[in-house]
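# Structural overview
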Amino acid sequence: NAGVMQNPRHLVRRRGQEARLRCSPMKGHSHVYWYRQLPEEGLKFMVYLQKENIIDESGMPKERFSAEFPKEGPSILRIQQVVRGDSAAYFCASSPPGSQSYGYTFGSGTRLTVV
Amino acid sequence: AQSVTQLDSQVPVFEEAPVELRCNYSSSVSVYLFWYVQYPNQGLQLLLKYLSGSTLVKGINGFEAEFNKSQTSFHLRKPSVHISDTAEYFCAVTPRNSGNTPLVFGKGTRLSVIA
């Protein structure tokens, strides 16, 4: 049973380009969460999605960032017109439905570097 | 809203010595509490969690944590650390019975085990 799969592991983009980060949750998990990790700042919540729905995007920057979790396929975190400040590790986590006490299963992350 | 404070950003300790990593939380409602470990260039792995019942919970790799409601703390301990325990440790909280409210993480404590 594969865990949470994130790709790519490393992504380099020039300023102004677009970054697409993919996350396939664990089998049987229908809830997906995206977090951003900056040095010395821990993990900051960005967005929580279920299939075809954004449940909570309170941590998502208002501009340039978007997320989706289509009926088929992985969840995508999209960053348009990247800037140097977007350089960070982005982690996806998943959990089964109706199981708040379960905790999350995390992917290995995508490390985005903007040059 | 919930918040988590990890009081120590870095903790160096000699091999086979005991260690305690401190975590305090703030919440106006009852919570579930979690500790995660992150090894270099990897995602987060669940160490242990407190849901209810006994305030002393045991996790993987010989770690344990004690929930103290009056002090709003959930400190992580291990009686004898190994070199392989060198990693970053994150405390996290979510309100109980609130659906799949996203976990709120502390900033992390970097544990360095010295030979």
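The coordinates are above.
Report on the accompanying structure. (Residues numbered from 1 in each chain as written. Chains lettered and ligands numbered in written order. Predicted model: local features only at pLDDT ≥ 70, side-chain atom pairs only at ≥ 80, totals over all residues. Heavy atoms only, no water.)

### Here we look at the layout of surface pockets
In this structure, the largest pocket spans a volume of roughly 460 Å³. For the lining of the largest pocket, the elements supplying multiple residues, two or more each, are strand E4 (31-38) and strand E9 (88-95) of chain A together with strand E10 (87-95) and strand E12 (109-114) of chain B. Residues of the lining of the largest pocket, tallied by class, amount to nine nonpolar, nine polar and six charged. (1 Å grid on protein atoms, 1.4 Å probe; cavity = no way out; pocket = protein on both sides within 12 Å on 5 of 7 lines; lining within 4 Å. Points joined across faces, edges and corners; volume = space filled by probe spheres on them. Helix = DSSP H or I, 4+ residues; strand = E, 2+ residues; numbered from the N terminus. Nonpolar A, V, L, I, M, F, W, Y, C, P; charged D, E, K, R; others polar.)

### Quick notes on the interface of chain B and chain A
Tallying the contact residues gives 25 residues for chain B and 26 residues for chain A. At the surface where chain B touches chain A, the tally comes to zero salt bridges. Along the contact surface separating chain B from chain A lie five residue pairs in polar contact (both at pLDDT 80 or more). Residue assignment for the side of chain B that touches chain A shows that the elements contributing at least two residues are strand E5 (31-38), strand E6 (44-50) and E10 of chain B. Broken down by element, the residue count for the side of chain B that touches chain A peaks at four residues, all from E5(B). The residue makeup of the side of chain B that touches chain A, split by class, is eleven nonpolar, eleven polar and three charged. (Contact = heavy atoms within 4.5 Å. Salt bridge = Lys/Arg side-chain N within 4 Å of Asp/Glu carboxyl O. Polar contact = N/O pair within 3.5 Å; in protein donor to acceptor, adjacent residues only side chain to side chain.)

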